[in-house]
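A closer look at the structure
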Amino acid sequence: DVKCRKPDRKIYELTLEQIGKKPEECLFIDNTGKNLLVAQELGIVPVMFDRDKEAYTGTKVTTFEELARIIE
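A brief report on the enclosed structure follows. (Residues numbered from 1 in each chain as written. Predicted model: local features only at pLDDT ≥ 70, side-chain atom pairs only at ≥ 80, totals over all residues. Heavy atoms only, no water.)

1. Remarks on the sheet that holds strand β1 (residues 27-30)
Two strands in a sheet stick together by hydrogen bonds in their backbones, pointing the same way (parallel) or opposite ways (antiparallel). The cut-off we apply is this: Strands pair, by our definition, only if DSSP identifies at least two bridges between them. Only runs of H or I of at least four residues qualify as helices and only runs of E of at least two qualify as strands under DSSP, and these elements are numbered from the N terminus.
One open sheet accounts for three strands, arranged β1-β2-β3; its pairing is parallel. Among the strands making up the open sheet, the edge pair consists of β1 and β3 (60-61). Two elements, β1 and strand β2 (residues 45-49), share four bridges in a ladder whose sense is parallel. Paired with Leu-27 across the strands is Val-45, a residue of β2.

2. Considering the side chain of Asp-30
Put simply, the rule reads: Partly exposed describes any residue whose relative accessible area lies between the buried limit of under 20% and the exposed limit of over 50%, with all areas from a 1.4 Å probe on protein chains only and scaled to the type maximum. Here a polar contact means two N or O atoms within 3.5 Å. Within protein one must be a hydrogen donor candidate and the other an acceptor candidate, and residues neighboring in sequence count only if both atoms are side-chain atoms. Residue contacts follow a heavy-atom distance rule, with two residues in contact if any of their heavy atoms lie within 4.5 Å.
With respect to the secondary-structure elements, Asp-30 resides in strand β1. When its relative accessible area of 6% is taken as the criterion, Asp-30 is described as buried. At 2.7 Å, the side chain of Asp-30 and the side chain of Lys-6 are in polar contact. Of note is the side chain of Asp-30, whose polar atom sits 2.9 Å from the backbone nitrogen of Thr-32. In this structure, Asp-30 is in contact with Lys-6, Asn-35, Leu-36, Val-47, Met-48 and Phe-49, ignoring residues within four places of it in sequence.

3. Let's talk about the packing of aromatic side chains
We apply this condition: Any pair of Phe, Tyr and Trp rings, taking the six-membered ring for Trp, is counted once the centres come within 6.5 Å. Such a pair is stacked with planes under 30 degrees apart, edge-to-face with planes over 60 apart, and tilted for the rest.
The tally for this structure, following the rule as stated, stands at two aromatic pairs. Aromatic pair Tyr-12 and Phe-28: ring centres 5.3 Å apart, planes at 75°, arrangement edge-to-face. On the criterion of sequence distance, the pair formed by Tyr-12 in helix α1 (residues 9-19) and Phe-28 in strand β1 is long-range, its members being 16 residues apart. Each member of the pair Tyr-12 and Phe-28 is classed as buried.

4. Observations concerning unusual backbone geometry
For the bond running from Lys-6 to Pro-7, omega is 5°, close enough to zero to count as cis. Mapped onto the secondary structure, Pro-7 falls in the segment before α1. For Lys-3, which is not glycine, the phi dihedral falls at a positive 60°. Mapping Lys-3 onto the fold places it in the segment before α1. When its relative accessible area of 79% is taken as the criterion, Lys-3 is described as exposed. One non-glycine residue, Lys-53, adopts positive backbone phi at about 55°. Here Lys-53 is to be found in the loop between β2 and β3.

Quick look at the structure:
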């Protein structure tokens, strides 16, 4: 509908606008480093759900239990 998708910066900006939140109020979970990098550049807190053993130096989780702890 909006003619863009991850990792295009515009999709993140449109989402923030739609939900009415500041980037630092948001957590973005993805399994691809390039998608997380764009979110981080905007000030969104990135978390990698590492199911593919991709190299990433930020916060990583490998289970839903770990993810739940981070979200809390």
